[in-house]
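The lines below spell out each chain.
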Amino acid sequence: MHKSLLIARWVQAVRALGLAATLAGVTPWALAQMHTQPLDAGWQFRLADPEAASAHPEAASWHGATVPGTVQTDLLEARLIADPFAADHEARLQWIGLSDWEYRLEFQVDAATLAREQVDLVFDGLDTFAGISLNGQPLATTDNMFRRWRLPAKALLKPGRNTLLVRLQSPIKRTLPWLLKQPYALPGAYDSQFGDEPKGVATATYVRKAQYQYGWDWGPRFVTLGIWQPVRLESWSHVRVEDFHVRQQRVDEGVAQLAAELEVDVTRAGPARLQVEVVPPSGAAFTLTQDVMLDPGRNALSVPVRIERPQRWFPAGYGAQPMYALQATLTQGGVELARVARRTGLRTVELRREKDAWGRSFAFVINGIPVFAKGANLIPLDSFPNRVTRARQRALLQSARRANMNMLRLWGGGYYESDAFYEEADALGLLIWQDFMFGGAILPADTGFQENVRQEAVEQVRRLRDHPSIVLWCGGNEVQADWETWDATLAFKNRISPDERERLWSANLKLFGDVLRGVVQRHAPEVPYWATSPGVDLEGPSGQMDDGDVHFWRVSGGSAPVETFLTTTPRFMSEYGLQSYPEMRTVASYAGPEDQRVDSPVIRAHQKFGVAAGPDVGNDRVLFYIRKNYGEPKDFASFVYLSQVMQAEGIELAATHLRSQRPRSMGSLYWQLNDVWPGASWSSVDFFGRWKALQFHARRFYADTTVTALRLAGKTDFSVVSDKVEPFDAEVRLRVSDLDGRVLRSERTAVVVKPLAVTPVWQRADAALLQGADPTRTVAEVELIAGGKVVARQPVYFVPAKDLKLVDPQFQTRISPDPSGAPDSWRLSITSTSFARAVWVDFGLLDVELEDNSLDIRAGDEVVIPLRSKASLPALQAQLNLRSLVNSTLH
């Protein structure tokens, strides 16, 4: 369109609105560009439920609110409720999720905004059933927490003050009456323990909302409501950018063939120019230009990009993580209409499934390199998502990387993480297995539900597809396993007709086999899709040891001994775990001294495993595994300590076994990395980011190169495991000693460590190692030596820990400033007079970051642990405490 004609149209629009005076100095070209007005400040909220208001009248008045946020956190900020995580407050706060609420905002709209052709009210996320009105007029209703809602609002806006009202309905109160009228209720993941839903009736299954907020076996039931993502007013004329994507058509060492794809909404036809600037991680930037013709409606524009010898993005441990920056600028007549930028890493992803001697492989191949996946499952970082900052995300992902992890499975019972989360993962080289948000329940068969999910999937895949860290889209968690094996679902299937069973499961197969797969194949074809975990991509039953991925819960979920891990070798273990308690400092955040006993109401309230079967099932299971190998804890603090030792050593056994079976097994993702609140769980990092014993062990057993010593049926296999891409020379040394440090025998051998492989070293029977020594007073230790340094070590015990004849190690300690002179840096030196098993170091209530912890110390050896703390030397010395297996159990 000619420039003078465009100006004339703008003048006509301004006069029609009566805004000419207020637009003095605003050019038509400024009006043509997108303008964003944040609407996050100034909100108020109130209880809008007459029945609940009679019991909570103080909440029925208007109070200041935080957006993004939740009702629960707004009530907490207004001091209308107690800390939801403390004591047993959870039970008395259930009324919040059973009530309706209102949020209100008054905001100003200027003349320039109303002069633009399009004005949209954009909610990036509403939790979940919301009715939206603007200036007293209904605007929209919403029903999906995971979708963005773009609402044309110009017709309802006015110059000056405007009022926006969001009414949020309780998802339980809205859904339950309807569900009770249906022929049946689909089995849910977990029944409510508070009686707000009948047993066997779970509304969560029917609602597109984070499932963990209804309660899980590691977290509380806080059914949130709120404006949980940012809100803004967007106004524009002529052009709005809908999406900018860098499609990776071919990437190898020699060349990257890309397409910079821009989608724009256009109101008027006309020629334009599209420029794409490519800024490499290093080297000179270059710009590509293409003339385009814009038509009214949605326009898809594409510019081919060719990069010679690209700087490719690699997972942590395999190379660097360079990122390319691309910027697209759309102009007309020399005037900028739109500009958008994107960062991405160049890499190829393959989920390799090939027939072999053990069945069919399951391996991630990045840039042609088969990667053994080392990591954990990640759940939401908080019961209330708005409290999760980028700093918390970064700290948790850095904890994963410091523990030598290269993959995290973002589990399907939570929510899709923020852009910042994936940016941090990109920078750290952490691979992300991304579930769609289905936590483990059979889903409704109606087409409206599926279409809602399809649109959700389109939005999320398009939002996240340029992150190189995402290497798998998975349909969901345990849906097929639920249908095939879960007791409640098997009983449900017996209650309905064969035709209804067929209809229901066919709909689920369509959703996970066709709908979600189709979304990924259309919008992110460079990344593999996997229908459900565990599974074989719907090509057969789930849970096959020779194909696909496996969730193994006979240990912990059942009561199989931890040694069962040594005979369990799936192609990829995407879930397994053991429970533990967080350290006493974290326990003290929710339980006072009078509550710190295993059977107290507060401790029970923070143990969610098995609550449907009884209040003590979870803690009894933890005690079962402690007693089996370590003995009876002498007090509550010992119970907490021993729970962490048990968890760490059990998971180490499993992970080390899986790594020793490469390439038969190509993945170890234990359950779970983190917590949503402080309490008992399977995590290795607690709610406050404090490392449990397992995280320190993971740092060792997930090291790029390690030595394994796996004892089964009186024989120990010694091997070297390497994730390095090149071979190297090393030495393996074996020592057998008594608990006083006397070496009984030793041997060593030179090895050439194979790349991306396991190098067997020895197999030794107990008799050959002990040679008559007392197994209760003897320990073997194997070390890997490379470049003259011990890079890995692994102990071998011949009896359970409770049968070792340990004595007081009489620790000697010394804390001194770090020789580097770095601020807040210290070194802790520890020696012992006899063998010290499972040594744990803490500093009471002081914040101290230890480089290592939860380790064995041989008699006479000196162990030096770097520390970081702002505390003074006298404070560190006064609060230092060492604990080991000695004196932690009753004899």
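Here, every reference points to the structure presented above.
Residues numbered from 1 in each chain as written. Predicted model: local features only at pLDDT ≥ 70, side-chain atom pairs only at ≥ 80, totals over all residues. Heavy atoms only, no water.

**A word on the overall build of the chain**
Consideration 1: Along the chain, the regular secondary structure elements total 20 helices and 48 strands.
Consideration 2: Over its C-alpha trace the chain gives a radius of gyration of 30 Å, about what one expects of a compact globule, namely 29 Å for 891 residues.
Consideration 3: Excluding contacts between residues fewer than 6 apart, the proportion of contacts in the chain whose partners are at least 24 apart in sequence is 71%.
Consideration 4: Split by element, the accessible area of the chain, about 33,900 Å² in all, is 50% carbon and sulfur.
Consideration 5: Put simply, the chain has 98 plus and 103 minus side-chain charges, and the middle of one group is 2 Å from the middle of the other. (Helix = DSSP H or I, 4+ residues; strand = E, 2+ residues; numbered from the N terminus. Rg over C-alpha atoms; globule rule 2.2 N^0.38 Å. Contact = heavy atoms within 4.5 Å. Areas by Shrake-Rupley, 256 points an atom, 1.4 Å probe, with all protein chains shown as cover. Lys, Arg positive; Asp, Glu negative; His and termini not counted. Charge placed at Lys NZ, Arg CZ, Asp CG, Glu CD.)

**Describing unusual backbone geometry**
Most peptide bonds are trans, and most residues other than glycine sit at a negative phi.
Consideration 1: For the peptide bond that leads from Arg662 to Pro663, omega is 5 degrees, which places it in the cis range.
Consideration 2: Relative to the assigned elements, Pro663 resides in the loop between helix 17 (636–660) and strand 33 (667–670).
Consideration 3: Here the bond from Trp671 into Gln672 is cis, since omega is 10 degrees, no more than 30 degrees from zero.
Consideration 4: Inspection of the secondary structure puts Gln672 in the loop between strand 33 and helix 18 (693–701).
Consideration 5: Phi angles above zero are rare outside glycine, and Asp824 is one such case at about 60 degrees.
Consideration 6: Its location among the elements puts Asp824 in the loop between strand 41 (812–817) and strand 42 (825–831).
Consideration 7: Take Asp824: its relative accessible area is 27%, and that puts it in the partly exposed class. (Buried < 20%, exposed > 50% of the residue type's maximum accessible area, 1.4 Å probe, protein only.)

**Some remarks on the sheet that holds strand 13 (residues 239–251)**
Across a sheet, strands are paired by hydrogen bonds formed along the backbone, either parallel or antiparallel in direction.
Consideration 1: Spatial ordering of the open sheet is given by 13-14-17, a layout of three strands whose pairing is antiparallel. The sheet is open, and its two borders are formed by strand 13 and strand 17 (297–308), each paired with just one other strand. Within this sheet the neighbouring strands show an average axis-to-axis angle of 15 degrees, counted without direction.
Consideration 2: In this sheet, strand 14 (residues 255–266) lies alongside strand 13 in antiparallel orientation, the contact comprising eleven bridges. Directly across from Arg240, in strand 14, lies its bridge partner Asp265. (Pairing = 2+ DSSP bridges. Axes fitted to C-alpha atoms, helices over the stretch in contact; angles between N-to-C directions.)

**Quick look at the sheet that holds strand 37 (residues 743–753)**
Consideration 1: As summarised here, the arrangement of the four strands in space is 37-36-39-40, forming an open sheet in which the pairing is antiparallel. Of all strands in the sheet, those with a lone pairing partner are strand 37 and strand 40 (789–797), marking the two edges. Sheet twist, expressed as the mean angle between neighbouring strand axes with direction ignored, is 20 degrees.
Consideration 2: As judged from the ten bridges shared by strand 36 (residues 728–738) and strand 37, these two strands associate in the antiparallel manner.

**Observations concerning helix 18**
Consideration 1: With respect to burial, helix 18 is a largely interior element, seven of its nine residues being buried.
Consideration 2: Taken together, the buried positions of helix 18 are Ala693, Leu694, Gln695, Phe696, His697, Ala698 and Phe701.
Consideration 3: In the core, the buried residues of helix 18 are packed alongside helix 8 (390–402), helix 17, strand 33, strand 34 (705–712), strand 43 (836–842) and strand 44 (849–850).

**Focus on the packing of helix 10 (residues 447–464) against helix 13 (residues 498–523)**
Consideration 1: Two numbers describe how helix 10 lies on helix 13: the axes approach to 10 Å, and their chain directions differ by 30 degrees. In terms of orientation, helix 10 and helix 13 fall into the roughly parallel class. You can see that helix 10 and helix 13 cross each other, and the crossing is right-handed. Seen from helix 10, the contacting residues are Gln450, Val453, Arg454, Ala457, Val458, Val461 and Arg462; seen from helix 13, they are Ala507, Lys510, Leu511, Val515, Leu516, Val519, Val520 and His523. (Parallel < 35°, antiparallel > 145°, perpendicular 65-115°, else oblique. Left-handed = near helix turned anticlockwise from the far one by under 90°.)

**Side note on the nonpolar core**
Consideration 1: With 194 residues, the main nonpolar core has Phe123 and Tyr576 as its most contacted residues.
Consideration 2: No other element matches the 13 residues that helix 17 contributes to this core.
Consideration 3: When neighbours within four sequence positions are excluded, Tyr576 is seen to be in contact with Phe552, Trp553, Phe565, Ile651, Ala654, Ala655, Leu658, Ser668, Leu669, Tyr670, Trp671 and Tyr702.
Consideration 4: Counting 28 residues, the second-largest nonpolar core is a separate cluster that includes Val239, Val266, Val276 and Val292. (Core = buried A, V, L, I, M, F, W, Y, C linked by side-chain atoms within 4.5 Å.)

**Digging into the side chain of Arg462**
Consideration 1: The residue Arg462 is located in helix 10 in this model.
Consideration 2: Judged by relative accessible area, which is 13%, Arg462 ranks as buried.
Consideration 3: Polar side-chain contacts of Arg462 include one of 2.9 Å to the side chain of Glu263.
Consideration 4: Here Arg462 is in contact with Glu242, Asp243, Glu263 and His523, once residues within four sequence places are set aside. (Polar contact = N/O pair within 3.5 Å; in protein donor to acceptor, adjacent residues only side chain to side chain.)

**A word on the pairing of strand 26 (residues 407–410)**
Consideration 1: Here strand 26 shows no split at all, with Met407 and Arg409 on one side and Leu408 and Leu410 on the other all buried.
Consideration 2: Of the pairings in the sheet, the one linking strand 25 (residues 373–378) to strand 26 comprises four bridges and is parallel in character. Following the sheet pairing, Gly375 is matched in strand 26 by Met407.
Consideration 3: With helix 8 bridging strand 25 and its parallel neighbour strand 26, the resulting β-α-β unit is right-handed.
Consideration 4: As judged from the four bridges shared by strand 26 and strand 27 (residues 431–435), these two strands associate in the parallel manner. Paired with Met407 across the two strands is Leu431, which belongs to strand 27.
Consideration 5: For the crossover from strand 26 across helix 9 (residues 419–428) to strand 27, the handedness is right-handed. (Right-handed = clockwise from strand over helix to strand, strands pointing away.)

**Comments concerning the side chain of Asp595**
Consideration 1: Take Asp595: it is sitting in the loop between helix 14 (584–587) and helix 15 (601–605).
Consideration 2: Nearest to the buried, unbridged Asp595 among oppositely charged side chains is Arg597, at 5.0 Å.
Consideration 3: If we skip the residues at most four places from it in the chain, Asp595 touches Ser600, Val602 and Ile603. (Salt bridge = Lys/Arg side-chain N within 4 Å of Asp/Glu carboxyl O.)

**Describing the packing of aromatic side chains**
Each aromatic ring pair is characterised by the separation of its centres together with the angle its planes make.
Consideration 1: The full count for this structure, using the stated rule, is 46 aromatic pairs.
Consideration 2: A centroid spacing of 5.4 Å and a plane angle of 85 degrees characterise the contact between Phe85 and Phe687, whose relative ring orientation is edge-to-face. Of this pair, Phe85 sits in the loop between helix 4 (71–77) and helix 5 (89–92) while Phe687 sits in the loop between strand 33 and helix 18, and the two are 602 residues apart along the sequence. Neither Phe85 nor Phe687 differs from the other in exposure class; each is buried.
Consideration 3: Chaining the aromatic ring pairs together yields one cluster made of Phe85, Phe222, Phe384, Trp677, Phe687 and Phe688.
Consideration 4: Seen from the ring of Trp62, Arg104 lies directly overhead, with NZ or CZ sitting 4.0 Å from the centre.
Consideration 5: Positioned above the aromatic ring of Tyr797 is the side chain of Arg837, whose terminal nitrogen or guanidinium carbon lies 4.1 Å from the ring centre. (Phe/Tyr/Trp six-rings, centres within 6.5 Å; stacked < 30°, edge-to-face > 60°. Lys NZ or Arg CZ within 6 Å of the ring centre and 35° of its normal.)

**Re the pattern of salt bridges**
Consideration 1: Under the definition given, this model contains 78 salt bridges.
Consideration 2: Here Lys173 and Asp100 are joined by a salt bridge, their closest N and O atoms 3.3 Å apart. Of the two residues, Lys173 sits in helix 7 (residues 171–180) while Asp100 sits in the loop between helix 5 and strand 4 (101–109), which places them 73 residues apart along the sequence.
Consideration 3: The exposure class of Lys173 is partly exposed, given its relative accessible area of 35%.
Consideration 4: Between Asp766 and Arg711 there is a salt bridge, with its nearest N and O atoms 2.7 Å apart. With a gap of 55 residues between them, Asp766 in helix 19 (residues 766–770) and Arg711 in strand 34 connect regions that are remote in the sequence.
Consideration 5: Taking the relative accessible area as the measure of exposure, Arg711 reaches 29% and is therefore partly exposed.
Consideration 6: Each of Arg240, Glu242, Asp243, Glu263, Asp265, Arg298, Arg462 and Arg465 takes part in salt bridges that share partners, so that together they form one network.

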